[in-house]
Amino acid sequence: MAETFTERVRNLIKNIPPGRVATYGLIAAMAGNPRAARQVVWVLHSSSEKYDLPWHRVINSKGKISLSPGDGFELQKKLLTHEGIEFTGDNQVNLSKFLWNP
DNA sequence: AACCTGACTTCGG
DNA sequence: TCCGAAGCCAGGT
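Residues numbered from 1 in each chain as written. Chains lettered and ligands numbered in written order. Predicted model: local features only at pLDDT ≥ 70, side-chain atom pairs only at ≥ 80, totals over all residues. Heavy atoms only, no water.

Engineer: Honestly, the protein's contact with DNA strand B in this entry has me stumped. Any pointers?
Structural biologist: Taken together, 14 residues lie around DNA strand B, and Tyr-24, Arg-38, His-45, Asn-60 and Ser-61 are the ones closest in. Each atom of DNA strand B within 4 Å of the protein was classed as base or backbone; sugar and phosphate made up 44%. Backbone polar atom of Ser-61 to a phosphate oxygen of DNA strand B: 2.9 Å apart, as the coordinates give it. Counting residues per element, the ones that place at least two in the surface near DNA strand B are helix H2 (24-30) and helix H3 (37-47). It is H3 that contributes the most residues to the surface near DNA strand B, 6 residues altogether. Classifying every residue of the surface near DNA strand B by side-chain character gives 7 nonpolar, 6 polar and 1 charged. (Near = heavy atom within 4 Å. Polar contact = N/O pair within 3.5 Å; in protein donor to acceptor, adjacent residues only side chain to side chain. Helix = DSSP H or I, 4+ residues; strand = E, 2+ residues; numbered from the N terminus. Nonpolar A, V, L, I, M, F, W, Y, C, P; charged D, E, K, R; others polar.)

Here's what the structure looks like:
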C-alpha cells in the first residue's frame with residue numbers, strides 16, 4: 001500500500017510504550033529513512049495533537065530533550081519522569097536503559 | 001513547480 | 001572536549 005513515510009512515523013510513535021523513549025533518528029530509521037530525522041520533527045508538529053501521539057517520548061540522539069526551557073521542556077521532562085524515566089543531573093536520559101528497542 | 005522550514009544528526013576544526 | 005557548519009527528508013505555502 002502507499003503509506004507515506006510520515007504515516008509510518010506517526011504509527012511508530014503511537015506505539016512507543018510508556019516508560020520508554022525513542023530518538024528522532026531511530027524512528028526515522030524504523031520508518032525506512034535513517035536520515036529523515038527532521039521529517040520526524042515535522043510530523044510531531046503537524047499531527048501530535050490530532051493523532052494523540054506521545055510526543056514527549058521522542059528525544060534527540062544525545063538522550064536529551066530538544067525543547068528549550070519555557071517552551072515545553074519542563075512539561076516533557078515532567079511527563080517522562082511521571083512514566084518512570086530517570087534524568088541525570090544533566091537532564092539527560094540513560095538511553096541504554098530507557099531507549100525503546102523492540 | 002520552486003522555495004522554505006523544522007523539537008535532528010554528524011563530521012570537522 | 002566543545003562549538004559551528006553542512007547535509008538530509010518530506011510536507012506546506
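Engineer: In this structure, what is going on with the environment of Lys-77? I would like to understand it.
Structural biologist: Topologically, Lys-77 is positioned in helix H4 (residues 73-82). The class of Lys-77 is partly exposed, set by a relative accessible area of 28%. Sequence separation of Lys-77 and Glu-3 is 74 residues, and the distance between their C-alpha atoms is 32 Å. (Buried < 20%, exposed > 50% of the residue type's maximum accessible area, 1.4 Å probe, protein only.)

Engineer: How should the protein's contact with DNA strand C be read in this particular structure?
Structural biologist: The local shell around DNA strand C consists of Thr-4, Thr-6, Asn-33, Arg-35, Ala-36, Arg-38, Gln-39 and Trp-42. Of what DNA strand C places within 4 Å of the protein, 73% of the atoms are sugar or phosphate. A distance of 3.5 Å separates a base oxygen of DNA strand C from a polar side-chain atom of Arg-38. At 2.6 Å, a side-chain N or O of Gln-39 approaches a sugar or linking oxygen of DNA strand C. Residue contributions to the surface near DNA strand C peak at 3 residues, all from H3. For the surface near DNA strand C, the class distribution of residues is 2 nonpolar, 4 polar and 2 charged.

By themselves, these figures tell us nothing about what the structure is for.
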